[in-house]
2 protein chains.
Amino acid sequence: MKIDPSNPADLSAQIAKAIRDAIVAGDLIVDERLPSEAELADQFEVSRPTVREALKRLAAQSLIRTQRGAFGGAFINRLSYPDAYGQQITTATLLLSMNDVRFDTACEARYALERACAPLSAQRRSADHLATMRAEIFRQQQPGLTDEAFCASDVAFHRALVDGAGNPVLSYQLAGAVEGMQPLMNMITFTARSREEIVGLHTAIADAIEAQDGEAARDGLTRLERYTIHLARSVMEERAKRGA
Amino acid sequence: MKIDPSNPADLSAQIAKAIRDAIVAGDLIVDERLPSEAELADQFEVSRPTVREALKRLAAQSLIRTQRGAFGGAFINRLSYPDAYGQQITTATLLLSMNDVRFDTACEARYALERACAPLSAQRRSADHLATMRAEIFRQQQPGLTDEAFCASDVAFHRALVDGAGNPVLSYQLAGAVEGMQPLMNMITFTARSREEIVGLHTAIADAIEAQDGEAARDGLTRLERYTIHLARSVMEERAKRGA
DNA sequence: CAATTTTCATTTGTCAGACATTTAAAAGTC
DNA sequence: GACTTTTAAATGTCTGACAAATGAAAATTG
């Protein structure tokens, strides 16, 4: 674990990289304690603030956790699924919002990925996930619901569908695709007619999952994708017309 | 953008969160300049090192970039696809290596996601991506290849397949699934016979993509998944026998 | 002797002030 | 007017210090 002292700028980035590489390579194992900040400062021949900045970089990625007090210090953190979900969602949200990704592109990616889950979800459907899907469909039929709440319920429905596949790695990957799109979905205003349509498609998907018919579930998702894109287009056109 | 000074620990984390939330909410837009470290220190009523630690946390997530000199400072960074790829791969790799995920689980997720790309890739296949796939297949047939090089070529083949879908959001999502599995794949020793088998399946997939037959490409991936899991099982059993 | 309390060393979290380095705008020069 | 020099502002780093937390060891007490 060495750094290049020839470049006296970016020292904290170099130190962070050295430690991160050691973690990724498996040289530092979970729950192992790093040397204290003072010791690291000696090893890398830098000051303690520089070491601290490096450690904060690693903490931001949930690679380490710190504990104060005697026998405290920085410990290699086991990257948990919730932590990974969170990072995934933040990154996906920012990627979509900062790169003016077309709605169609994001939508295509999301539904392609969800279709990947459908057969597994149909095969392994649990009563729990099915109940969640039905409950969210019920919620979506309530008249007083705001557009935001409708979108949030939509996300919950799709999360249940994805989690139903019973594969945590898949759930982790999909978290970004589904939740990262929420801000884009929130831009759509849902009429009573369109909500009815979406609830119908959701019901078809839930029915297919319940019947363990993966192919039908995929079809339902495809129809939902097509309708979502259609809906977004009309909203955009409407907005363009008003703007002009 | 406020912090809770009642808890005098975690100040840098609180500041980082405040700024991050402002970015995600869109209050701070791309390429906008943050106040200088000294000004931030005044605003939040903390010292400059504390502000710096907060900024380093954000830099670790590629949310800001810093520039020295007059009229330099911290700028809101546009999260680029390469940056997002990198974070995605690091996170996925660590998630798999630190949570003793079963090979089958990771494999299932990866191939399910790749199957999601197959129809799009078949539909939009470009000469470029097809050429890359063929080139990697050719490389995989070279006799002197190490197992690591074979795995790397395998990843390159699948990346070309995924990128062929022409959807950057999809490519971003798949980066973690495909590259994050490489360490697990590297644990497999490939015999001449198994390489031959894999090259055959890769060729079938490439042929399907070239023929724009999405269904056949999906089938090829399913067979490849089945064979990969079969291969991993035999390697594990072999290893267990030797260990005992 | 056992249980409890106190002390204490260690480590992180924060602060203040300072200097070095970089950088682009502003001032000066030909 | 084009080029060079100066200068101010900002980040990057260092030193030294103190506060707060924390677990272990020592002291105290029943």
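This text gives an overview of the structure that appears in the document.

Thresholds applied
Residues numbered from 1 in each chain as written. Chains lettered and ligands numbered in written order. Predicted model: local features only at pLDDT ≥ 70, side-chain atom pairs only at ≥ 80, totals over all residues. Heavy atoms only, no water. Near = heavy atom within 4 Å. Polar contact = N/O pair within 3.5 Å; in protein donor to acceptor, adjacent residues only side chain to side chain. Helix = DSSP H or I, 4+ residues; strand = E, 2+ residues; numbered from the N terminus. Least-squares fit on C-alpha atoms with pLDDT ≥ 70 in both. Contact = heavy atoms within 4.5 Å. Phe/Tyr/Trp six-rings, centres within 6.5 Å; stacked < 30°, edge-to-face > 60°. Buried < 20%, exposed > 50% of the residue type's maximum accessible area, 1.4 Å probe, protein only. Lys NZ or Arg CZ within 6 Å of the ring centre and 35° of its normal.

As a matter of local geometry, DNA strand C sits amid 26 residues, with Arg48 of chain A together with Leu11, Ser47, Thr50 and Gly69 of chain B nearest to it. Here the atoms of DNA strand C within 4 Å of the protein split so that 72% fall in sugar or phosphate, with bases taking the remainder. Between DNA strand C and Arg48 of chain B there is a distance of 3.3 Å, counted from a base nitrogen to a side-chain nitrogen or oxygen. Within the backbone of Ala70 of chain B, an N or O atom sits 2.9 Å from a base oxygen of DNA strand C. Secondary-structure elements contributing two or more residues to the surface near DNA strand C are α3 (48–60) and β1 (64–67) of chain A together with α1 (11–25) and α3 (48–60) of chain B.

Attention shifts here to the relation of the copies chain A and chain B. For the match of chain A to chain B, the screw axis carries a shift of 0.0 Å, the RMSD comes to 0.1 Å, and the turn is 180°. This pairing of chains is accounted for by a two-fold axis. If distances are taken from each C-alpha of chain A to the rotation axis, the shortest is found for Arg57 of chain A, at 2.4 Å. The fraction of interface residues of chain A whose copies in chain B are also interface residues reaches 98%, indicating that both copies meet through the same surface.

The full count for this structure, using the stated rule, is three aromatic pairs over all chains. Seen from their ring centres, Tyr81 of chain A and Tyr85 of chain A are 6.5 Å apart, and the 50° between their planes marks the pair as tilted. Linking Tyr81 of chain A with Tyr85 of chain A, this pair stays in helix α4 (residues 81–98), spanning four residues, or about one helical turn. Looking at Tyr81 of chain A, the relative accessible area reads 18%, which means it is buried. Pairing Phe150 of chain B with Phe190 of chain B gives two aromatic rings, centres 4.9 Å apart and planes at 50°, and the pair type is tilted. Placement of Phe150 of chain B in helix α7 (residues 147–163) and of Phe190 of chain B in the loop between α9 (182–186) and α10 (192–210) is noted, with a sequence separation of 40 residues between them. Here Phe150 of chain B and Phe190 of chain B have matching classes, each one buried. Sitting above the plane of the Tyr111 of chain B ring, Arg110 of chain B keeps its charged end 5.2 Å from the centroid.

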